[in-house]
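# Coordinate analysis (summary)
Read off the chains here:
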Amino acid sequence: MSNLNTARSLIQADLDHARQVLDLWTHQVSELERALEQIDAVGTSRDALRVEYRGSNSQGLALEKPAAQTEGKKRGRKPKTAEVTAAAKPAKAGVDIRAKRSRKLAERSTARAGQVTDAKAAKPAKTKAVKSKPIPEAKFKDPNSDKTWSGRGRRPFWMTGDAEQYAIGSEKQNPASKAEMDESKEPTTTTE
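A quick note: this is a predicted structure, and the numbers were derived from the prediction, not measured.

Calculation notes
Residues numbered from 1 in each chain as written. Predicted model: local features only at pLDDT ≥ 70, side-chain atom pairs only at ≥ 80, totals over all residues. Heavy atoms only, no water. Helix = DSSP H or I, 4+ residues; strand = E, 2+ residues; numbered from the N terminus. Buried < 20%, exposed > 50% of the residue type's maximum accessible area, 1.4 Å probe, protein only. Contact = heavy atoms within 4.5 Å. Areas by Shrake-Rupley, 256 points an atom, 1.4 Å probe, with all protein chains shown as cover. Patch = residues over 30% accessible without salt bridge, like charges linked within 9 Å, V, L, I, M, F, W, Y side chains within 5 Å. Salt bridge = Lys/Arg side-chain N within 4 Å of Asp/Glu carboxyl O. Lys, Arg positive; Asp, Glu negative; His and termini not counted. Charge placed at Lys NZ, Arg CZ, Asp CG, Glu CD. Phe/Tyr/Trp six-rings, centres within 6.5 Å; stacked < 30°, edge-to-face > 60°. pLDDT = per-residue confidence, 0-100.

## Some words on the overall build of the protein chain
Looking only at helices and strands, the protein chain has six helices and two strands in total. In the protein chain, the order of α-helices and β-strands from amino to carboxyl end is α-α-α-α-α-β-β-α. Residues classed as buried in the protein chain amount to 6% of the 192 residues present. Pairs at least 24 apart in sequence give 20% of the contacts found in the protein chain among residues at least 6 apart. Counting only carbon and sulfur atoms, one obtains 56% of the accessible surface of the protein chain, whose full area is about 19,100 Å².

Structure below.
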């Protein structure tokens, strides 16, 4: 008996679901029919307006073609129209390019002497003076070699530790040469 009740409840649920889907589809069909009616109404009103405005040519042209803007010149290329291209093609076809070039060449070669002498000579190109930057003074010196560094840019590999010990003119720079200088300053005593 429970199997019959279960089967009946499943079938009842399927039936309820089918009725809901059917209601949904009928609602969808009615919405689509309403949309078609609106499209047809717009189409008939547009056709009626077109017929009404075609009666007078000036108004009919105003509806079909947008008015040309006369605010100012537009930039860029002009669009090609059928009348312009049809009229331009036969004119271009009749012109022989070789004949045109030879005419221009003949005009140039038969220039009057006065025209040639009146021509201005080209101005010589100006060259820019290159400003030389002064070489910066050396502030540091390697005691083992004669390499120097101005203190600008990347620190040299030979400079390790305190920078003062490599400074040019400092007391710490070269202790060996300092000792030699001290000895030379001492008065030499001669012993008899």
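## Comments concerning a positive patch on the surface
A surface patch of positive charge is lined by Lys 100, Arg 103, Lys 104 and Arg 108. Looking at the element boundaries, Arg 103 is found in helix α4 (residues 97–109).

## Section: the side chain of Asp 142
Looking at the secondary structure, you find Asp 142 in the loop between β1 (140–141) and β2 (148–149). The side chain of Asp 142 is buried and forms no salt bridge, while Lys 147, the nearest opposite charge, is found at 6.0 Å. Beyond its immediate stretch of four places on either side in the chain, Asp 142 contacts Lys 147 and Trp 158.

## Regarding the packing of aromatic side chains
Scanning all chains against the criterion turns up two aromatic pairs. Centroid distance Trp 158 to Tyr 166: 5.6 Å. Interplanar angle 70°. Geometry classified as edge-to-face. Classification of Tyr 166 as buried rests on a relative accessible area of 9%.

## Points about the confidence of the model for the protein chain
For the protein chain, per-residue confidence averages 74 on the pLDDT scale, and residues scoring 70 or more make up 64% of the total. When the criterion is pLDDT under 50, residues 176–181 qualifies, and its contacts beyond four places in sequence or with other chains add up to one contact.

## Quick word on the environment of Pro 143
If you trace the backbone, Pro 143 turns up in the loop between β1 and β2. Pro 143 sits in the partly exposed class, given a relative accessible area of 39%. With 15 residues separating them along the chain, Pro 143 and Trp 158 place their C-alpha atoms 9.6 Å apart.

## Comments concerning the pattern of salt bridges
This model, assessed by the stated rule, comprises two salt bridges. A salt bridge links Glu 31 to Arg 34; its shortest N-O distance comes to 3.1 Å. Of this pair, Glu 31 and Arg 34 both sit in helix α1 (residues 2–54), three residues apart, which is roughly one turn of the helix. Classification of Glu 31 by relative accessible area gives partly exposed; the value is 33%. The class for Arg 34 is partly exposed, based on a relative accessible area of 43%. The shortest N-O distance in the salt bridge between Asp 146 and Lys 141 comes to 3.9 Å. The class of Asp 146 is exposed, set by a relative accessible area of 68%.

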